[in-house]
Amino acid sequence: MDLTQYSPIASKQRTNITLGLVNWYCYIPGLQYDTAWATNYANAYDPAVINMNAMSGYVYMMDMAIAAAVAAVNNRSDILPYTTVRIRRFSDCGAWWPAVEAEFSGHTGGFATSEMAIGVGEKFADVVGVAGAEYSAVAKGTAEVFSKYQVPFCSLNSASPTLSDKNNFPYFFRMISSSGMGDYIALLYKDWNVKRMALVYQGDDLMSTGFALDIKKGMKRNGIEVITTIKLKGKLTQDMVEYAALMLKRTQSRYIYIAGQVDFVSKTYFSLALLDMVGKDYVYMGVNIPIRISTDTSKLSPKLKLLTKNVTRMAELGRGFIAFQSFSNFPVTPWLDIFYNHFIALTKFDNQTQLEQGLDSANNVINYWPVGGGFDCAMMLMMGFDKLLRENPKFTPEQLSSRALSKYLNYSQYLDLGYDGLVAQPVVMNSQGDLMMPFMASSYNGTVNPSMTNSQQNPFFMDTFAFTDLRATNITYYDGARPVFFDGSHTPPPDGPPIIIITPSINDLKSSNGKGIVALISVGLLFSVGTGAFFIKFQNIKAVKMASIPECLVIVFGSMLSYISLAFYVGSVTAASCKARIWLVLMGYILMMKPVIMKNVRLYIILNSKKRLDAAMLTMINRIVIAIGVLIEMALLVYWHVASTTTPKQLIADNFSFYVCRSVDAPGSVAINLLTAFTTIIHILLVVLAYMLKDVDPIYNESAPLATIFGKA
């Protein structure tokens with residue numbers, strides 16, 4: 001008799017519900033299928049069918065953990081007292097084929113969605129809940145379909161934070177921590193004074209991309225810089241590895257997190273090791289950790305294939321890798337013995353197999369095999385069903401069996417069950433239906449576990465040294481425990497070369513430079529306004545009138561524009577402020593220089609003329625020339641404004657950064673050259689006039705001031 005299909009308690013025989021088990025049953029040969037349902041699955045261990053050192057053993061152990069939960073509930077009257085729970089097993093990867101171990105990587109989205117998930121939703125309507133294992137990329141499709149049919153789905157290993165979105169997956173929850181993991185990792189980095197890290201991730205894997213995004217957000221929240229993010233494909237090639245190594249070298253990365261499936265992490269890490277990117281200066285970390293590689297390495301360096309044959313050398317290269325994983329310990333819960341008793345009764349493992357495979361005690365099974373999440377998933381589903389019926393006496397087991405109550409069974413039904421499980425005691429879920437657990441930090445110590453060298457399990461010894469709290473606020477070290485780094489030391493290496501802190505230099509109103517500029521503008525404008533007022537007030541006095549009041553006022557106005565241009569040196573430098581600076585200073589310059597030049601040209605003409613001149617006519621010509629000069633300057637500035645690009649450019653000197661204005665002509669434009677040439681000509685006229693007037697009577701001679709202006713301007 002199949003113990004998972006039967007209850008000896010009379011009251012529980014009133015009605016039946018079915019729990020669906022989803023797994024990679026394509027690893028197990030000899031199964032027959034109706035759609036995706038494995039119709040002839042046998043609970044008892046058969047070494048001719050199940051290889052405990054291959055994936056079939058991995059799948060079998062997860063399956064039996066869930067089956068043990070069903071058997072436990074069927075033998076209790078306090079959970080679902082009027083209902084027997086039965087099992088249907090569904091493959092999300094089809095039937096077995098000879099090369100499945102080498103060829104199958106878990107990605108079967110099309111079959112899993114179209115055949116398995118829709119089959120559960122429509123053909124097998126007795127299935128009221130699903131528990132099992134799927135890759136995140138596959139679970140994204142199946143969880144969405146199950147939610148459409150209102151079938152709750154508990155996953156024990158689909159880890160991508162993408163699945164936390166309850167708008168898309170309202171009937172999905174899981175016995176694994178996911179969202180917010182970056183905050184836990186940041187606790188360890190901050191404890192080691194790490195302020196920068198690099199991220200390498202498997203870009204074609206949903207779990208990995210989800211974790212990469214989550215980690216980047218967590219680093220940002222905690223003030224840790226992600227200095228490079230390297231996206232690689234799951235089917236790794238040597239070119240990809242060399243690219244990753246180049247990027248890590250260029251950014252001088254020292255702390256490197258690898259997010260990906262186990263095979264990707266293993267190949268990436270050991271391939272980088274062969275490129276001398278693993279050593280005393282580097283610290284690698286991951287949830288999935290590098291293990292012995294058993295899959296195809298033909299696209300990678302031939303040295304990697306040789307390395308995989310030397311487990312001792314792999315362990316040496318792995319020393320210092322930090323495993324950051326959900327906290328696990330020996331559970332203190334009455335469900336542990338209940339699980340183990342039903343597990344052994346179902347599997348019928350003999351004593352020799354129990355000893356060889358670490359199955360001789362409940363704690364060993366939990367420690368060496370991924371069974372806790374499967375047992376807890378099934379228990380959470382069944383306890384959630386039981387809670388719904390107990391809290392709503394009007395609901396009946398028959399309604400549950402017919403899916404009439406499915407609309408009440410979304411993820412929120414399983415958040416507060418008060419269940420002390422095998423994975424956590426109690427099982428605490430967050431508002432997204434993800435298991436909340438502390439994390440533990442362990443480091444490879446460089447040695448090999450001889451009993452595991454031929455197993456699918458990790459053959460390298462790890463030493464656990466610290467753990468976080470539940471809500472990522474604190475990290476605690478075990479007494480006497482310290483991390484082991486690559487060189488065997490216990491001191492975290494620096495996170496890179498010394499950081500040169502570049503201090504931005506901004507002339508804002510809080511800085512002394514900014515205050516000085518504002519003071520200069522204020523004094524200059526005050527002086528200019530005062531001078532202009534003087535000329536206007538005393539314009540009828542002969543001595544003042546002889547200075548040519550209109551020209552003097554133009555000069556004063558030009559000086560005001562020059563002072564106002566200084567205002568655009570205060571605050572942040574922008575393209576607009578750069579253009580304003582140039583417009584104002586050049587217009588101010590031409591308004592000041594042109595009257596000075598024409599005044600001295602007029603003087604030179606008068607002093608060198610041999611006949612009496614018409615003073616009014618000469619003054620008018622003088623002012624027309626001034627106006628023409630100003631208009632030419634304005635036209636050139638308009639041309640420059642339209643035909644060139646002016647932007648701020650950052651410069652760094654003595655650990656200070658500041659911005660200057662940089663103007664570049666558009667293709668085919670000569671605006672800057674023309675503007676420079678015209679301004680230079682005006683400037684040169686000053687020294688020419690100074691030379692021409694050198695012999696003039698000192699009363700009228702302005703050659704010295706002209707030369708001074710030339711030298712200062």
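See the structure shown above.
As a starting point, this report considers the structure included with it. Note that the structure is predicted; figures quoted are calculated from it, not measured.

Cut-offs applied
- One numbering rule holds for all chains: residues counted from 1, following each sequence as written.
- Residues qualify for local features only when their pLDDT is at least 70, as the model is predicted, and side-chain atom pairs are given and counted only at 80 or more; totals for whole chains, interfaces and linings, by contrast, use all residues.
- Only hydrogens and water are set aside; all other atoms, that is, all heavy atoms of the structure, feed into the side-chain values.
- In DSSP terms, a helix is any run of H or I states spanning at least four residues, a strand is any run of E spanning at least two, and both are numbered starting from the N terminus.
- Throughout, exposure labels follow a simple rule: accessible area from a 1.4 Å probe, protein chains only, divided by the maximum for the residue type, with under 20% read as buried, over 50% as exposed, and the rest as partly exposed.
- The charged-residue count follows a simple rule in which Lys and Arg add positive charge and Asp and Glu add negative charge, with His and chain termini not counted at all.
- One speaks of a salt bridge when a side-chain nitrogen belonging to Lys or Arg is within 4 Å of a carboxyl oxygen belonging to Asp or Glu.
- Two N or O atoms form a polar contact when they lie within 3.5 Å of each other; inside protein one atom must be a possible hydrogen donor and the other a possible acceptor, and for residues adjacent in sequence the pair counts only when both atoms belong to side chains.
- Whether two residues are in contact is decided by their heavy atoms, any of which lying within 4.5 Å being enough.
- The aromatic pairing rule takes the rings of Phe, Tyr and Trp, using the six-membered ring of Trp, and pairs them if the centres are within 6.5 Å, calling planes under 30 degrees apart stacked, those over 60 edge-to-face and the rest tilted.
- Here, a charge over a ring is recorded when the distance from Lys NZ or Arg CZ to the ring centre is within 6 Å and its angle to the ring normal is within 35 degrees.
- Put simply, a disulfide is two cysteine sulfurs that come within 2.5 Å.

## Remarks on the side chain of Lys166
With respect to the helices and strands, Lys166 occurs in the loop between strand E6 (153-155) and strand E7 (172-174). Here Lys166 is buried and forms no salt bridge, its nearest opposite-charge partner Asp434 lying at an N-O distance of 5.3 Å. Polar contacts involving the side chain of Lys166 include one to the main-chain carbonyl oxygen of Gln432, which spans 3.1 Å. Lys166 has contacts with Phe172, Tyr411, Gln432 and Gly433, leaving out every residue within four places of it along the chain.

## Some words on the pattern of salt bridges
On inspection of all chains with the given rule, the structure shows 13 salt bridges. Residues Asp78 and Arg76 are paired through a salt bridge, measuring 2.8 Å at the closest nitrogen-oxygen approach. The exposure class assigned to Asp78 is partly exposed, which follows from its relative accessible area of 38%. In this structure, Asp263 engages Lys267 in a salt bridge whose closest nitrogen and oxygen atoms are separated by 3.2 Å. Residue Asp263 and its partner Lys267 are located together in helix H8 (residues 262-274), separated by four residues, close to a single helical turn. You can call Asp263 partly exposed: its relative accessible area is 29%.

## Some details on the packing of aromatic side chains
If you walk through the whole model with that rule in mind, you get 34 aromatic pairs. Measuring from ring centre to ring centre gives 5.5 Å for Phe153 and Phe172, while their planes differ by 75°; the resulting arrangement is edge-to-face. One end of the pair, Phe153, is in strand E6; the other, Phe172, is in strand E7, with 19 residues separating them in the sequence. Summarising the burial analysis for this pair, Phe153 and Phe172 share the class buried. Taking the centre distance of 5.2 Å and the plane angle of 90° together, the rings of Tyr269 and Phe321 count as edge-to-face. Placement of the pair is Tyr269 in helix H8 and Phe321 in the loop between helix H10 (311-318) and strand E12 (322-326), with a sequence separation of 52 residues. The residues Tyr269 and Phe321 share a single accessibility class, namely buried. Members of the aromatic cluster, connected to one another through ring pairs, are Tyr45, Tyr60, Trp335, Phe339, Phe343, Phe349, Phe375 and Tyr419. The ring of Tyr82 has Arg14 sitting right over it, with the charged end atom 5.4 Å from the ring centre.

## Structural notes on the state of the cysteines
Per the counting criterion, the structure on display carries three disulfides. Sulfur-sulfur distance for the disulfide between Cys26 and Cys93 comes to 2.1 Å. Taking the sign of the S-S torsion, -105° for the link of Cys26 and Cys93, the bridge is left-handed. Of this pair, Cys26 sits in the loop between strand E1 (15-23) and strand E2 (33-34) while Cys93 sits in the loop between strand E4 (83-91) and helix H2 (100-103), placing them 67 residues apart in sequence. With respect to class, Cys26 is no different from Cys93; both count as buried. The disulfide bridge from Cys154 ends at Cys377, spanning 2.0 Å between sulfur atoms. The sign of the -75° torsion about the S-S bond sets the Cys154-Cys377 disulfide as left-handed. With Cys154 in strand E6 and Cys377 in helix H14 (residues 372-391), the pair connects residues that are 223 residues apart, well separated along the chain. For the pair Cys154 and Cys377, a shared accessibility class is recorded, and that class is buried. Cysteine pairing in the protein follows 1-2, 3-4, 5-6, where each cysteine in a disulfide is numbered by its order in the sequence.

## Things to note about unusual backbone geometry
Of note, the amide linkage connecting Gln425 to Pro426 takes the cis form, showing an omega dihedral of -5°. Tracing the sequence through the fold places Pro426 in the loop between helix H15 (397-401) and strand E13 (428-429). Located in the positive-phi region is Asp276, a residue other than glycine, with phi close to 60°. With a relative accessible area of 64%, Asp276 lands in the exposed category.

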